[in-house]
Amino acid sequence: MEKGLLYPVTNAYREDQKLDGLWDFKFDPASEGEQNGWAKGLADPIEMPVPASFNDFFTDKDAREYTGDFWYLKKVFIPQHFAGKKVELRFGAATHRAVVYVNGQKIRSHEGGFLPFTADVTAAVNLGEENIIAVKINNELHRDALPAGDTVTLKNGKRMVKPFFDFYNYSGLNRSVHLLAIPQGNIYDYSTSYEVSDDQATVHYQVAADSDADIKVSLADEDGVVVAAATGQKGELVVKNPTLWQVRDAYLYTIRIQLVKNDKVLDEYADKIGLRTIEIKGHQILVNHKPIYLKGFGRHEDSIYAGRAFDLNVERRDVNLLKWIGANSFRSSHYPYDEQVYKLADREGILITDEVPAVGFKMAAASFLGGLDQSFFDGDWIDELYKKHIDQVKDMIKRDKNHPSVLAWSLCNEPDTSTESAVPYFTKLFNDSADLDPQKRPRTFTLNEDDTFETSKCLKFPDFYLLNRYPGWYHKWGYEISDGEAGLRAELDEWQNSDIDKPIVFSEYGADTEPGLHKLPSIMWSEEYQIELLEMFNRVFDDYDFIRGEQPWNLADFQTVEGNMRVNGNKKGIFTRDRQPKAAAFYLRKRWNSLPLDY
Ligand code: GCB
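Analysis parameters
Every chain is numbered independently, its residues counted from 1 as its sequence is written. With pLDDT at 70 or above as the cut-off, local features in this predicted model cover only qualifying residues; side-chain atom pairs require 80 or more to be listed or tallied, and sums for whole chains, interfaces and linings still use all residues. Working from all heavy atoms in the structure, the side-chain values ignore hydrogens and water. When accessible area is computed with a 1.4 Å probe and restricted to protein chains, residues below 20% of their type maximum are described as buried, those above 50% as exposed, and intermediate ones as partly exposed. Counting from the N terminus, the helices are DSSP H or I runs at least four residues long and the strands are E runs at least two residues long. Between any two strands, at least two bridges found by DSSP are needed for them to pair. All axes here are fitted lines through C-alpha atoms, helices being fitted over the stretch that makes contact, and every angle between N-to-C directions spans 0 to 180 degrees. Throughout, a crossing is termed right-handed when the near helix is turned clockwise from the far one, and left-handed when it is turned anticlockwise from it by less than a right angle. Any pair of residues with heavy atoms lying within 4.5 Å of one another is described as a contacting pair. We call Asp, Glu, Lys and Arg charged. Ala, Val, Leu, Ile, Met, Phe, Trp, Tyr, Cys and Pro are nonpolar, and the rest, Gly among them, are polar. The cutoff for a nearby residue is simple: one of its non-hydrogen atoms must lie within 4 Å of the molecule or strand. Polar contacts, as used here, are pairs of N or O atoms within 3.5 Å; protein pairs need one atom able to donate a hydrogen and one able to accept it. Residues neighboring in sequence count only if both atoms are side-chain atoms. Areas reported as accessible are Shrake-Rupley estimates using a 1.4 Å probe. Residue values count occlusion only from the protein chains shown. His residues and chain termini do not enter the charge count, which takes Lys and Arg as positive and Asp and Glu as negative. The salt bridge definition used is simple: a Lys or Arg side-chain nitrogen within 4 Å of an Asp or Glu carboxyl oxygen.

Can you walk me through the pairing of strand S4 (residues 69-78) in this structure?
For a regular strand, the rule is simple: side chains alternate between the two faces of the sheet. Burial of S4 is extensive: eight of the ten residues sit out of reach of the surface. Bridge count for strand S2 (residues 21-28) against S4 is five bridges, and the pairing is antiparallel. When the sheet's bridge partners are listed, phenylalanine 27 is paired in S4 with phenylalanine 70.

The structure is reproduced here in structure tokens:
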């Protein structure tokens, strides 16, 4: 678990330099780089953009599919004026495990390809000089790691990954690298929780700092007017007549935290927060005590050329598409996204179900590879996997807890919860994560098609249910879709007749659709069939009032592993991979713009 994961800022006390651009890059198939001194320099490197996944830049398949160790290296001038400060390197994401070296000295390692980590390099850097920063990354998949999969060696000696999920194993420094200089005694974490009524909001705050200085906290509105102030490591900020953060109508206050000693400010951290509450009551999801209905998508960080790299341009376009189509939410399937995604959602009033990269926890999900007949949670990898899983849940919540856009935590995608062996795992996961979020946001996981009201042994855990269901596509497809609808209704009738009274959100459903393929009457893969499938699901949703959201799969087409179920990727996008609408986008836009927020 990381000590603090505050997003880097530059102010009078802190300096943040992005180290994006071209880095030296080299594959290390024999894992010999460390003993051969690669941490100090790479012989015959190629140049690789950061942030980016390396895969799609290559024109040869061995390089694109490369699995194993690989190195990034950059010479960075570290200024003299960093003297007296703590110097850190912050990696937004290194997929999936990394070792950081400075001037040949090993500094730290990290596992988990979708969350940031910070290396304290104060003692290793030479100020006023160029320093050599090297990172050894490994992109193998294993059953005891997140996301889960296997790594195999082919008869020709080449390695390849066999993911237990369908998204392509894009690898590299997928998010920005930051060089930071911060005060030695610094603010390293803070958290807030809220109580709101029409005429007052109370912000309960808590600050974590490596210092015995006094802590001062203030809150300013969007005009910069300070509306509340308090002192102490823990306290309350009371705002009279607040403007609340509302869904698709965001208002952001600035919280400013200062460390002060003898009237001198030693450190300052400011951030944007939104005043709002989230609760689950019966089968309703409430924001600011009012029911809301989720409209949106599952998504991926995925685009052409740079793979899973965070690209602010793509994100701007995606958020504009979400607004255009009338969406108010998305799930960060199947991993926490770059922090800038959450900042944009905060600004636009979009709700996020934030998902940890716990995906592939089901041997049958390896069906993309032919399926493996064993319960995932019976495996001997479970203890090791759990350590990594809870560690990443902790880091995700630590990183994202202050974003008003975060609605809920998804602790797993489609785990195999239909065997008893899943129960102790989820008991522990839900117990160990219970107190991590001061706002006590709802926690959940998605239930795959096989994990139904009847078969799942873990229905007691989620605060609300996320159902991934594919009638009309993976079963009861084409002309049989009416039987698919009947099956879906039969399952929902069971939920309705049970004593469970919790919201259900449909977090995945959809049909692969080749853009431009038209057929009257429809056939599968045509744009017409995609609309028919959405219409079928919507008919069903409209008949059950405990369904509190619809998030079809996926916002956009995305790259997957090669296979006989995919034609150059997963085509269930409502938009193409280059973010243009399929016919279904116009259908959904009409529906979603006509549904009230509390539908
Ligand atoms: C699922 C997975 C998602 C896949 C999707 C599909 O259940 O959660 O990652 O992409 O199905 O299209 O097969």
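Explanation requested: the packing of helix H2 (residues 312-325) against helix H3 (residues 339-348) in the structure shown.
Angle between the axes and distance between the axes: these two values describe a pair of packed helices. Running from N to C, H2 and H3 point in directions that differ by 30°, and their axes come no closer than 11 Å. The hand of the H2/H3 crossing is right-handed. Between H2 and H3, the contacting residues are Leu312, Glu315, Arg316, Val319 and Lys323 on the first element and Gln340, Val341, Leu344 and Glu348 on the second. Residue composition of the contact of H2 with H3, by class: four nonpolar, one polar and four charged.

Any chance you could explain the site of the ligand here in plain terms?
Around the ligand, a shell composed of 13 residues is seen, among which His334, Glu414, Tyr474, Glu508 and Lys572 lie nearest. A distance of 2.6 Å is found between an oxygen atom of the ligand and a side-chain nitrogen or oxygen belonging to histidine 334. With respect to the ligand, the side chain of glutamate 508 contributes an N or O atom lying 2.7 Å from an oxygen atom. Considered on its own, the ligand offers 320 Å² of accessible surface; in the complex 95% of this is hidden by protein. Here the residues of the shell around the ligand sort into four nonpolar, four polar and five charged.

Help me understand the side chain of arginine 308, please; the structure alone is not making it clear to me.
By the element assignment, arginine 308 lies in the loop between strand S25 (294-298) and H2. Buried charge without a partner: arginine 308 forms no salt bridge, and the closest opposite charge is aspartate 302, 4.5 Å away. With sequence-adjacent residues up to four places away left out, arginine 308 is seen in contact with Ser53, Phe114, Phe167, Tyr168, Tyr170, Asn174, His300, Glu301, Asp302 and Tyr335.

Looking at this structure, how should I read the sheet that holds strand S28 (residues 406-410)?
Across a sheet, paired strands are connected by hydrogen bonds in the backbone, their directions being either parallel or antiparallel. Strand order in the open sheet formed by nine strands is S29-S28-S27-S26-S25-S33-S32-S31-S30, and the pairing between neighbours is parallel. Edge positions in the open sheet fall to strand S29 (443-444) and strand S30 (446-447), since each of these has one partner strand only. Note that S25 and strand S33 (residues 547-550) share two bridges and pair parallel. Each residue of the ladder has a partner; that of leucine 294, found in S33, is glycine 549. Helix H8 (residues 583-594) rests against S25 and S33 of the sheet, and its axis sits at about 150° to S25.

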